[in-house]
2 protein chains.
Amino acid sequence: MLIGEYTHNLDAKKRLAIPAKLRKELGERAILTRGLDSCLFLYPMAEWEKVTAKLGELPVGQADTRGLIRLMLAGAVEVEFDALGRILVPDYLKAFGALGTRVVIAGVYNRLEIWDEKRWTAYKAGVERNTDLIAEKLGELGLY
Amino acid sequence: MLIGEYTHNLDAKKRLAIPAKLRKELGERAILTRGLDSCLFLYPMAEWEKVTAKLGELPVGQADTRGLIRLMLAGAVEVEFDALGRILVPDYLKAFGALGTRVVIAGVYNRLEIWDEKRWTAYKAGVERNTDLIAEKLGELGLY
DNA sequence: TTATGTAGTGGGTAATTGTGGATAAATATG
DNA sequence: CATATTTATCCACAATTACCCACTACATAA
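Scoring rules and cut-offs
Residues numbered from 1 in each chain as written. Chains lettered and ligands numbered in written order. Predicted model: local features only at pLDDT ≥ 70, side-chain atom pairs only at ≥ 80, totals over all residues. Near = placed C-beta within 6 Å. Helix = DSSP H or I, 4+ residues; strand = E, 2+ residues; numbered from the N terminus. Nonpolar A, V, L, I, M, F, W, Y, C, P; charged D, E, K, R; others polar. Contact = placed C-beta atoms within 7 Å. Least-squares fit on C-alpha atoms with pLDDT ≥ 70 in both. Pairing = 2+ DSSP bridges. Axes fitted to C-alpha atoms, helices over the stretch in contact; angles between N-to-C directions. Buried ≥ 20, exposed ≤ 12 C-beta atoms within 10 Å, placed from the backbone.

Draft legend 1. Just the protein's contact with DNA strand C, in detail. Around DNA strand C, the surrounding shell holds 17 residues, and the nearest of these are A:His8, A:Ala20, B:His8, B:Asn9 and B:Ala20. Elements supplying a minimum of two residues to the surface near DNA strand C: strand S1 (2-9) of chain A together with strand S1 (5-9) of chain B. Looking at the surface near DNA strand C, its residues break down into nine nonpolar, six polar and two charged.

Right, dumping it as structure tokens:
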């Protein structure tokens, strides 16, 4: 299970250090691709295979799911970690995620999410504004 | 069942001693995450697994549940106890809980809650002011 | 009261981690 | 073919974190 929130720098050479704790759960390499809500997803190999399997099962009829499939598959790159645990973010993905220098790496279940820091902050604030709704959901789940 | 209220210091290195009595009920490690009312939750592993299991059942397609999942998981960290029973509180969680030096650790059912002392005092005062209302609710529940 | 153990606080040191730059290799360009 | 530009590998510094130890306070029991 990948969890946690870390803030790192995407340097001038588009290198991004993956937190050591999380790196341990990923292997030698991983798959970086377009995600939902303008962030990037970084999947461990094993998880990526599950994802592609699921994408194949989705109904091809619906235009929106088809679009999602295209984005995820076409946008995917296999990235390796350099000696210091950094990955290289291609230009088009950097653009897609609107990534600046300060970048947030978040563990979400079976993947990492990579966000521009400002967007992440804004996104969180937006979700937190719906606290009632969330509390309600949590209640339904029996979590509180 | 975790119960009791303790006040400890969060030191300059963001270490927080968990009361020995409570620690016995937690194992080697636990999950620290964002809670409600600006406090932090510390879950025993077994409880946390229940939470993630439920999160896993939620539909990822809906934007609001996606937000909920992100907040819960990205906000969580696995913390270990050092040789003296202390955990390390990450910056973003310290900020979320508005934690100063004096910190209250309270046992609540299946989790610990971590509060900034002032907020805790204020919160308690607020609740005490509504005692009538609470008593009423308790009555509805058949507790008195 | 004194001895003894346990719990919480705080600090010092060493190892790890993240950052940014330097150099070398590869690729493209005129 | 030489030059520029990008890409990869390597290295050095700074900051953070993990680990270890010492001190104090408090409680319990002799």
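So that's the structure; there's more coming.
Draft legend 2. Structural detail: the interface of chain B and chain A. With 19 residues of chain B at the interface, the matching set in chain A holds 19 residues. Of all the elements in the fold, those that place two or more residues in the side of chain B that touches chain A are helix H2 (45-57), helix H3 (63-74) and strand S5 (77-80) of chain B. Top element by residues in the side of chain B that touches chain A is H3(B). It accounts for 10 residues. Split by residue class, the side of chain B that touches chain A holds 10 nonpolar, four polar and five charged.

Draft legend 3. Structural view of the relation of the copies chain B and chain A. Overlaying chain B with chain A gives an RMSD of 1.4 Å, the required rotation being 23° about an axis along which the chain moves by 14 Å. A distinct binding surface is used by each copy, with only 5% of the interface residues of chain B retained as interface residues in chain A.

Draft legend 4. Structural detail: the protein's contact with DNA strand D. If you check the shell around DNA strand D, you find A:Asp82, A:Ala83, A:Leu84, A:Leu88, B:Asp82, B:Ala83, B:Leu84 and B:Leu88 and nothing else. Tallied by class, the residues present in the surface near DNA strand D amount to six nonpolar, no polar and two charged.

Draft legend 5. Main features of the sheet that holds S5(B). Residues and elements named next belong to chain B. Taken in spatial order, the six strands line up as S1-S7-S8-S4-S3-S5 in an open sheet, and their pairing is antiparallel. Each of the sheet's edge strands pairs with one partner strand only, and the pair in question is S1 and S5. Direction aside, neighbouring strands of the sheet carry axes that sit 30° apart on average. Docked against the sheet, helix H5 (residues 117-129) engages S1, strand S7 (102-108) and strand S8 (111-116), running at close to 105° with respect to S8.

Draft legend 6. Highlighting the pairing of strand S4 (residues 40-44) of chain B. Residue and element names in this part refer to chain B. Across the five residues of S4, four count as buried, placing the element largely inside the fold. Pairing geometry for strand S3 (residues 29-34) and S4, over five bridges, is antiparallel. Looking across to S4, one finds that Leu32 is bridged to Leu42. Counting the residues that bridge the hairpin from S3 to S4 gives five residues, and of these Asp37 lies at a positive phi of roughly 60°. As paired strands, S4 and S8 are joined by three bridges and run antiparallel to one another. Residue pairing in the sheet places Leu42 in a bridge with Leu112 of S8.

Draft legend 7. Expanded view of unusual backbone geometry. Phi at A:Ala98 takes a positive value of approximately 50°, unusual for a residue other than glycine. Along the chain, A:Ala98 turns up in the loop between helix H4 (91-96) and strand S7 (102-109).

Draft legend 8. View of the sheet that holds strand S3 (residues 29-34) of chain A. Across the sheet, six strands lie side by side as S1-S7-S8-S4-S3-S5 (chain A); this open sheet has antiparallel pairing. Since the sheet does not close on itself, it has two edges, and those belong to S1 and strand S5 (77-80) of chain A, each with one partner. The mean inter-strand angle of the sheet, taken between neighbouring strand axes irrespective of direction, is 25°. One ladder, built from four bridges, connects S3(A) with S5(A); its direction is antiparallel. Bridging across to S5(A), A:Leu32 finds its partner in A:Val77. Relative to the sheet, H3(B) contacts S1 and S7 of chain A, its axis offset from that of S7(A) by approximately 100°.

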